[in-house]
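These are the residues of each chain, in order.
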2 protein chains.
Amino acid sequence: MLSKSCVYALRAIVYVGHNGSENHKIGIKEIGEELDLPVHFLSKILQLLVKHNILQSTKGPHGGFYINEASGKIKLIRIIEIIDGLSFFHKCGLGMHECSDSHPCPLHDDFIVFREGLNKIFSTKAINDLVKKVEDGNAFVRNLNTKN
Amino acid sequence: MLSKSCVYALRAIVYVGHNGSENHKIGIKEIGEELDLPVHFLSKILQLLVKHNILQSTKGPHGGFYINEASGKIKLIRIIEIIDGLSFFHKCGLGMHECSDSHPCPLHDDFIVFREGLNKIFSTKAINDLVKKVEDGNAFVRNLNTKN
DNA sequence: ATATAAAAAGACCTAAATATCTTTTAATAT
DNA sequence: ATATTAAAAGATATTTAGGTCTTTTTATAT
Ligand code: FES
Ligand code: FES
């Protein structure tokens with residue numbers, strides 16, 4: 001559904017939101033290790049988010065990633081848009097060229113309920129909402145039973 | 001979500017169910033043309049379904065594909081299982097190693113609604129249900145505005 | 001029996017996603 | 001100014017999904 005790039009990005013940004021701040025930036029190495037993600041690959045993805053100002057970074061000693069006030073309020077759908085694009089939310093679940101009410105595939109009515117439902121969730125929830133859940137101990141971004 | 005192989009299979013089998021019968025088999029070429037699908041690729045996929053007896057075929061003159069009584073009653077989930085596997089319906093939407101209620105990701109509660117909902121649809125609907133919709137003119141498997 | 005038609009099977013190719021490795025740039029502390 | 005640190009950037013490799021082409025097998029009609 002979402003590409004690996006995309007879910008890596010989401011978890012990474014939540015991790016940064018949870019563990020970092022403007023004066024405690026998080027290095028890519030730490031993120032990769034804590035989330036069991038391939039560091040260099042993740043690095044590329046985060047670069048993209050920085051370029052779009054979804055995420056902030058600085059180089060050099062004590063450099064790393066962090067998110068500012070505004071970034072925390074960004075909706076998940078924006079990140080998905082940047083990384084995967086929004087085509088999933090428009091295209092036919094059975095792979096027809098067009099998804100439309102007037103020329104529906106046999107799964108259309110059922111499928112769009114979920115497609116729209118997901119769209120709504122991603123369009124409503126912001127980074128901070130996920131961070132909050134993690135802070136409250138109601139959710140996690142790190143894998144269970146990773147070797148440490 | 002579903003791979004192309006999988007949606008190609010679903011549309012093809014519905015097309016065959018709709019347009020064919022044991023004494024009017026449908027050639028792979030026709031299916032490919034009518035559904036705008038790559039013929040040889042589709043051929044591989046249908047072979048797999050035939051091997052699993054989800055679809056019937058015969059070679060030679062007047063040969064082709066058709067579905068028998070039993071096949072029409074097969075649930076979509078079975079086809080998905082054969083082609084893509086069922087991992088989608090168990091794995092975490094944010095790509096964590098495990099999806100569980102006790103160690104949920106921040107999207108878990110919202111995501112599983114979607115995942116389970118889709119699972120239910122695929123587990124409930126049979127090939128014939130889709131064929132029926134097409135026969136009633138309430139759904140289509142062919143693309144709109146294809147050149148013919 | 002033979003020719004023919006159509007699926008099955010096999011070998012191969014291409015493009016995209018994912019991942020790794022190396023070099024460059026920029027920020028900070030000394 | 002210099003050394004050091006860490007992200008950015010670039011180049012390359014690997015894997016997987018998707019797609020094409022060729023040969024073989026099998027059913028049917030003549
Ligand atoms: S036409 Fe297939 S999901 Fe809308
Ligand atoms: S843990 Fe992520 S969807 Fe269940």
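Here the structure is shown first, and the text comes after it.
Presented here is an overview of the structure given in this document. Every value quoted in this text rests on a predicted model; they were computed, and no experiment measured them.

Comments concerning helix 7 (residues 127-135) of chain B
Residues spaced three or four apart along an α-helix point in a common direction, a consequence of the helix completing one turn every 3.6 residues.
Residues and elements named next belong to chain B.
So, step 1. Within the sequence span of helix 7, burial applies to Ile127, Leu130, Val131 and Val134. Projection of helix 7 onto a plane perpendicular to its axis shows the buried side chains occupying an angular sector of 100°, all on one side.
So, step 2. Elements that come into contact with the buried residues of helix 7 comprise helix 1 (4-19), helix 4 (69-72) and helix 5 (76-83).
So, step 3. In the segment just after helix 7, Gly137 is the residue with positive phi, at about 75°.

A few points about the side chain of His103(B)
So, step 1. With respect to the element layout, His103(B) can be found in the loop between helix 5 and helix 6 (108-124).
So, step 2. Excluding anything up to four places from it in sequence, His103(B) contacts Phe140(A), Arg142(A), Asn143(A), Leu144(A) and Met96(B).

So, the relation of the copies chain B and chain A
So, step 1. When chain B is brought onto chain A, the operation consists of a screw motion whose angular component is 180° and whose axial shift is 0.0 Å, with 0.1 Å RMSD remaining. Each copy turns onto its partner about a two-fold axis. Measuring from the rotation axis to each C-alpha of chain B, the shortest distance belongs to Met1(B), at 2.3 Å.
So, step 2. Interface overlap between copies: 95% of the residues of chain B at the interface are likewise at the interface in chain A, consistent with a symmetric, same-surface contact.

Cut-offs and rules
Residues numbered from 1 in each chain as written. Chains lettered and ligands numbered in written order. Predicted model: local features only at pLDDT ≥ 70, side-chain atom pairs only at ≥ 80, totals over all residues. Heavy atoms only, no water. Buried < 20%, exposed > 50% of the residue type's maximum accessible area, 1.4 Å probe, protein only. Helix = DSSP H or I, 4+ residues; strand = E, 2+ residues; numbered from the N terminus. Arc of directions from axis to C-beta. Contact = heavy atoms within 4.5 Å. Least-squares fit on C-alpha atoms with pLDDT ≥ 70 in both.

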